[in-house]
Amino acid sequence: MNEQEKQRMRCEEFEIAGLDLGGIAGNTAQEEEAREHLRECPRCAALHENWQLLRDDLRAIGAETGNAEASGRVELRLRQEFRNQHGTTKMRRAAVIASWALAAAALLAVAVTWTNWEQAKRNAFTKSSGVAAVDSQKVTQQAKSSAIDETAPGDETLLASNDSEDFTLLPGDVPGMSEDGTVVQVRMQRGALGALGLAVNEESATDWIQVDLLVSEDGQPEAVRLPQTSGN
Amino acid sequence: MTARVASGDMKIDPIVTDDVLLRKSARGDEAAFTELYRRYQAPLFRFALRMAGNRWAAEEIVQDVFMTLMRDPKKFDVERGTLGGYLYGIARNRIMKHQERLPRELPLDLEVEEGNATLAKWSDEKTPAQWAELKQRREMVRHAVMQLPVEFREAIVLCELEELSYEEAAAALECPIGTIRSRLHRGRALLLAKLEILRDVPKRVSAGR
């Protein structure tokens, strides 16, 4: 490597590192070499001088906008957008929570209503069963029992149970009044039951039947029973 | 970059780190988001202004940067770098897109917000002719900077106009310091070559290498 080549190489190095003498601060050996080259090489000295002028211009341009910042409008817009975004998220979350709460409340209401209805049904059944206790015998108003008048099935008449254990209250009588009543066995025509307020099939009105009457202390019949043995 | 205490009703401890503020912001804390904005908007705005060349574009870029941060804060990974570097990265992308749309049509804005301050201010020490020459020269320098390729312009803007150290510029651009040195060298060479008409140097650096 001759002297010229050394010089050219040093120029290339200077272009990279020597232009920025401030930037190689701390590397004193390199800085010293750059300064030495600057003294020896007029081309690089001119280059350095020009760069310093250009740098001054660049710094001046930089200083011109050194305090520039975005206008307040940008901050306002961003904050508004931020509120919108997070407000929407919060509202969506609140809506989801509210809908779940509503659904849960509706479910609870349905469950409570159903429980109450079941309870009421059970109570009604218990009450109707309790009414049946008259004296030592039971009287029931349940329609589940078979028809009183088996000779006329399907008639829309007041039905009394054929069960020999059950009495059917006569219309107008209040359950429980006949705790000390007496059972009287009578033989009568079926049509006479009409006088007690019971509907009678006219076709069989003249039939003689055996009837148990529950008679209260004042002699008034309160309930009636048609024993199986009475036949029709 | 130093933190400022937020004004008004929003008080944020200035020593709160960026990632803490970002987490709070992601949970809907407006004060935290505003503090982050105030920490970074000015340097980002200046960078965008010097890269894009006009205020409205710079404001749009800054707004886009923070919109991106607001909409998807989880994209920032503290393990991968600083929030400043991340925001500069978004800004660079936006600047690229902006310049694809409007390729160097608009001059660098000469005015600062308050007072219409121009680059070469009149002073008693200069004659009108000197003042006019200075103004013209700086206008040419500004134009030459705007004509640099983006990667060299970034280095010149950060290290010469913004006067960041190589380390700070490397952090902002998320690249090694060697890359900054190299880009700066090439950028300077290109600038000198573009402005050769102004200078009296017989033969200069080989900008085209």
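Before reading further, recall that the structure is shown in the block above.
All figures in this text were calculated on a predicted structure; none of them were measured in a lab. (Residues numbered from 1 in each chain as written. Chains lettered and ligands numbered in written order. Predicted model: local features only at pLDDT ≥ 70, side-chain atom pairs only at ≥ 80, totals over all residues. Heavy atoms only, no water.)

Q: Would you mind going over the overall build of chain A with me for this structure?
A: For chain A, the count of helices and strands is 4 helices and 6 strands. Moving toward the C terminus, one meets the helices and strands of chain A in the order α-α-α-α-β-β-β-β-β-β. When the 232 residues of chain A are sorted by exposure, 34% land in the buried category. Counting only contacts in chain A whose residues sit at least 6 apart along the sequence, the fraction spanning at least 24 positions is 54%. Put simply, chain A shows about 14300 Å² of open surface, and 54% of that area lies on carbon and sulfur atoms. (Helix = DSSP H or I, 4+ residues; strand = E, 2+ residues; numbered from the N terminus. Buried < 20%, exposed > 50% of the residue type's maximum accessible area, 1.4 Å probe, protein only. Contact = heavy atoms within 4.5 Å. Areas by Shrake-Rupley, 256 points an atom, 1.4 Å probe, with all protein chains shown as cover.)

Q: Sorry if this is basic, but what is going on with the overall build of chain B here?
A: Secondary structure summary: chain B contains 8 helices and 0 strands in total. Shown N-terminal to C-terminal, the secondary structure of chain B runs as helices and strands in the order α-α-α-α-α-α-α-α. With 209 residues in all, chain B has 52% of them scored as buried. Pairs at least 24 residues apart make up 62% of the contacts formed inside chain B by residues separated by at least 6 positions.

Q: Any chance you could explain the packing of helix α2 (residues 30-52) of chain B against helix α6 (residues 150-161) of chain B here in plain terms?
A: Helix-helix packing: each pair is described by the crossing angle between the helix axes and the interaxial distance. Residues and elements named next belong to chain B. Orientation of α2 relative to α6, taken along the N-to-C sense of each, is 130°, at an axis distance of 10 Å. In terms of orientation, α2 and α6 fall into the oblique class. Between α2 and α6 the crossing geometry is right-handed. Residue-level inspection shows F47, R50 and M51 of α2 in contact with α6, the latter providing V150, R153, E154, V157, L158 and L161. Its residues assigned to classes, the contact of α2 with α6 shows 6 nonpolar, no polar and 3 charged. (Axes fitted to C-alpha atoms, helices over the stretch in contact; angles between N-to-C directions. Parallel < 35°, antiparallel > 145°, perpendicular 65-115°, else oblique. Left-handed = near helix turned anticlockwise from the far one by under 90°. Nonpolar A, V, L, I, M, F, W, Y, C, P; charged D, E, K, R; others polar.)

Q: I'm lost on the nonpolar core in this one. Help?
A: A general trend in soluble globular proteins is that nonpolar side chains are found buried together. In terms of nonpolar packing, the biggest core is built from 73 residues, with L58 of chain A together with L44, F47, F66, L83, L87 and L191 of chain B touching the most fellow members. If one sorts the elements of this core by residue count, α2 of chain B sits on top with 12 residues. Each residue touching L83 of chain B, except ones within four places of it in the same chain, is listed here: D18, L22, L36, Y40, L69 and F76 of chain B. In this structure, L196, L198, V215 and V224 of chain A belong to the second largest nonpolar core, which totals 11 residues. (Core = buried A, V, L, I, M, F, W, Y, C linked by side-chain atoms within 4.5 Å.)

Q: Looking at this model, I keep getting lost on the packing of aromatic side chains. Mind explaining?
A: For any pair of aromatic rings, the description consists of the separation of the ring centres together with the inter-plane angle of the planes. Evaluated as defined, the whole model comprises 5 aromatic pairs over all chains. Taking the centre distance of 4.9 Å and the plane angle of 20° together, the rings of F82 of chain A and F33 of chain B count as stacked. Here F82 of chain A is found in helix α4 (residues 72-131), whereas its partner F33 of chain B is found in helix α2 on a different chain. By relative accessible area, which is 1% here, F82 of chain A ends up buried. Given the relative accessible area of 1%, F33 of chain B is considered buried. Three or more aromatic residues link up through ring pairs in this structure, and these residues are F82 of chain A together with F33, Y37 and F66 of chain B. (Phe/Tyr/Trp six-rings, centres within 6.5 Å; stacked < 30°, edge-to-face > 60°.)

Q: Which parts of the structure should I look at to understand the packing of helix α3 (residues 55-71) of chain B against helix α4 (residues 83-101) of chain B?
A: Residue and element names in this part refer to chain B. Running from N to C, α3 and α4 point in directions that differ by 130°, and their axes come no closer than 9 Å. Here α3 lies oblique to α4, going by the angle between them. Seen from above, α3 lies across α4 with right-handed handedness. Of the residues in α4, those touching α3 at W56, A57, E60, I61, D64, V65, F66, T68 and L69 are L83, Y86, L87, I90, A91, R94, I95, H98 and R101. Here the contact of α3 with α4 is built from residues that sort into 12 nonpolar, 2 polar and 4 charged.

Q: What is the right way to read the interface of chain A and chain B from this model?
A: A common way to report how large an interface is uses the accessible area buried once the components associate. Opposite the 39 residues of chain A that make contact, chain B presents 60 residues. Between chain A and chain B, the buried area comes to about 4400 Å², and carbon and sulfur atoms account for 57% of it. A per-residue breakdown of the area chain A buries against chain B is headed by E64, L78 and F82 of chain A, which together make up 15% of the total. Counting across the chain A and chain B interface gives 11 salt bridges. With a closest N to O distance of 2.9 Å, R83 of chain A and E30 of chain B form a salt bridge. Inspection of the chain A/chain B interface yields 18 residue pairs in polar contact (both at pLDDT 80 or more). Breaking the side of chain A that touches chain B down by element, the ones donating at least two residues are α1 (3-17), α3 (42-64) and α4 of chain A. Per-element tally for the side of chain A that touches chain B: the top contributor is α3 of chain A, with 15 residues. (Buried area = accessible area lost by both parts, 1.4 Å probe. Salt bridge = Lys/Arg side-chain N within 4 Å of Asp/Glu carboxyl O. Polar contact = N/O pair within 3.5 Å; in protein donor to acceptor, adjacent residues only side chain to side chain.)

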